[in-house]
Each structure stands twice: as structure tokens, then as C-alpha cells.
Amino acid sequence: MKIAIEKVKRTQVDLAEVEPASHYPSLAEMEKSGEGSFTAPVSAEVSAVWEYGHVRATGKVASAVRLTCSRCLAEYELPISSEFTIFFTESKGEELDEEVELSDEELISASYTGDEIDMTAEIAEQVMLEVPYKPLCSESCLGLCPQCGADLNAGECGCDRGGINLKMAALKKIKIEK
Ligand SMILES: [Zn+2]
Ligand SMILES: [Zn+2]
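The rules behind these values
- Residues numbered from 1 in each chain as written.
- Chains lettered and ligands numbered in written order.
- Predicted model: local features only at pLDDT ≥ 70, side-chain atom pairs only at ≥ 80, totals over all residues.
- Heavy atoms only, no water.
- Helix = DSSP H or I, 4+ residues; strand = E, 2+ residues; numbered from the N terminus.
- Buried < 20%, exposed > 50% of the residue type's maximum accessible area, 1.4 Å probe, protein only.
- Contact = heavy atoms within 4.5 Å.
- Areas by Shrake-Rupley, 256 points an atom, 1.4 Å probe, with all protein chains shown as cover.
- Salt bridge = Lys/Arg side-chain N within 4 Å of Asp/Glu carboxyl O.
- Donors = N, O, S within 2.8 Å, 3.2 Å for Na, K, Ca; no water.
- Tetrahedral: all angles 85-135°; square planar, octahedral: opposite > 155°, others 65-115°.
- Core = buried A, V, L, I, M, F, W, Y, C linked by side-chain atoms within 4.5 Å.

Asks: Lay out the overall build of the chain in plain terms, naming residues and giving numbers.
Replies: For the chain, the helix and strand inventory stands at four helices and eight strands. Reading the secondary structure of the chain in the N-to-C direction produces β-α-β-α-β-β-β-β-β-β-α-α. Per-residue burial for the chain yields a buried fraction of 33% across its 178 residues. The long-range fraction of contacts in the chain, counting pairs at least 24 apart against all pairs at least 6 apart in sequence, stands at 53%. Carbon together with sulfur atoms contributes 51% to the accessible area of the chain, which is approximately 11,400 Å² in total.

Set out below in C-alpha cells:
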């Protein structure tokens, strides 16, 4: 997906594209490394306008990725949907400016050279940002029993896993004795 500078200087440019994840080198790399696999193509919409001497590109990306829970090792699917705004300023110097995060709002400043802005890397980046570093099938995932490997989400396995478990056993005993 490319934004033509001459065009955006004259009028708003609206672009939409649906591509398989493998179209984006960094996403293909992620799949190759086994971090996750995309179960839906990446759809991207970008609206670009020229303002105050730079290009403001707002857009959204959507896809879905199958991940492995870092606690219980179950596979689960994570829908991805994210909106972004990127300000592109023409790079005057020899070297490209580093991308700068302006604030914790999703405002990103980037630079471009030449007569068009290639959005490919930015789209992939926005998708990558939505993939958690430590995937969890649920915030309350109980994980696996370190002793027998049972999935504790499916129920207590009965192993003695130390302090917390002893306390629970004691509580159970009190209840039974009553
Ligand atoms: Zn889990
Ligand atoms: Zn166990």
C-alpha cells in the first residue's frame, strides 16, 4: 500500500487492502519462528491527508492470530483490531529519523523520502504490536501443575504443590470435620 505524495497534497487519499500475513516480511518471520500463525488475512484501511507540511495517515488493521498460551500451552485464537495515526514528515537530511513515539496515545512520527510512502512495514508493525509477548488464553489462566502437568483450568489434579495447596487442604479438612 503506497501513498502518493503529489496526490495527497491535492486531496485525501483513501486506501484499503486485504493481504495474507505472508505478504508482510515481519509477519511471515513471526509465523516461521512459531510464535503464532495467522488465521485470517490482514485487512488494512488508511486515510491520508496533507496538513501543516506533513502527511497524517490514520488507519486500522484487523486480522486474527492463533497463539499458544504461555501458562497452560493451550492454543487459542486472538482477534486483532487496532487503530493508529502516523505523522510522516519528509526527511531532509541524509539519514532517516528514527521512529519516535510522541506519547502513549497511538501517535507515531515517521519520515519518508521520495514521492511516495510505502505503508507495508507500518501495517505489519501495527499488527505485531497487538500480539502479546507472553500470550495468555485468559487473564485468570491457572496454568499447568508443575508436578503432574495436568491442566489446572480443567480442575484440581490433587497434587501437593506447597503452601497454598496445604492451606486449601486444611480448609477442606475443617469443613469436613464440621
Ligand atoms: Zn492458558
Ligand atoms: Zn498435579
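Asks: Quick one: what's the story with the pattern of salt bridges, residue by residue and with numbers?
Replies: Summed over all chains, the structure comprises five salt bridges. Among the ionic pairs, glutamate 51 bridges to arginine 56, the shortest N-O distance being 3.1 Å. Notably, a salt bridge pairs glutamate 77 with arginine 66, separated by 3.9 Å at the nearest N-O pair. In this pair, glutamate 77 is assigned in strand S5 (residues 75-90) and arginine 66 in strand S4 (residues 54-68), connecting sequence segments eleven residues apart. Using a relative accessible area of 43% as the deciding quantity, one classes glutamate 77 as partly exposed. Owing to a relative accessible area of 31%, arginine 66 belongs among the partly exposed residues under this scheme. Each member of the salt-bridge network shares a partner with another, and the members are Arg66, Glu75 and Glu77.

Asks: Now, about the environment of cysteine 148: what can you tell me, with residues and values included?
Replies: Along the chain, the position of cysteine 148 falls in the loop between helix H3 (120-129) and helix H4 (163-177). Sequence separation of cysteine 148 and glycine 158 is ten residues, and the distance between their C-alpha atoms is 9.5 Å. Look past the residues within four positions of cysteine 148 in its chain and what remains in contact with it is Cys157 and Cys159.

Asks: I'd like to hear about the coordination of the zinc ion (ligand 1), residue by residue, with values.
Replies: At this site the zinc ion (ligand 1) is bound by Cys69 (SG), Cys72 (SG), Cys137 (SG) and Cys141 (SG), with donor distances of 2.3 Å. With four donor atoms in place around the zinc ion (ligand 1) and angles of 107 to 112° between them, the coordination shape is tetrahedral. Site description for the zinc ion (ligand 1): donor spacing in sequence, C-x2-C-x64-C-x3-C. Of this pair, cysteine 69 sits in the loop between S4 and S5 while cysteine 141 is found in the loop between H3 and H4, placing the two residues 72 residues apart along the sequence. For cysteine 141, a relative accessible area of 5% puts it in the buried group.

Asks: Tell me about the nonpolar core, residues and numbers included.
Replies: Ranked by internal contacts, the top residues of the largest apolar core, which has 36 residues, are Phe88 and Met119. Elements with a contribution of two residues or more to this core: helix H1 (5-10), helix H2 (25-32), strand S3 (37-51), S4, S5, strand S7 (107-112) and H3. The contact partners of methionine 119, leaving out residues within four places of it in the chain, are Met1, Ile3, Val46, Phe84, Ile86 and Phe88.

Asks: Requested: an account of the coordination of the zinc ion (ligand 2), with residues and values cited.
Replies: Cys145 (SG), Cys148 (SG), Cys157 (SG) and Cys159 (SG) make up the full set of protein donors to the zinc ion (ligand 2), lying at 2.2 to 2.4 Å. Given four donor atoms and angles of 107 to 113° at the metal, the environment of the zinc ion (ligand 2) is assigned as tetrahedral. The class for cysteine 157 is partly exposed, based on a relative accessible area of 30%.

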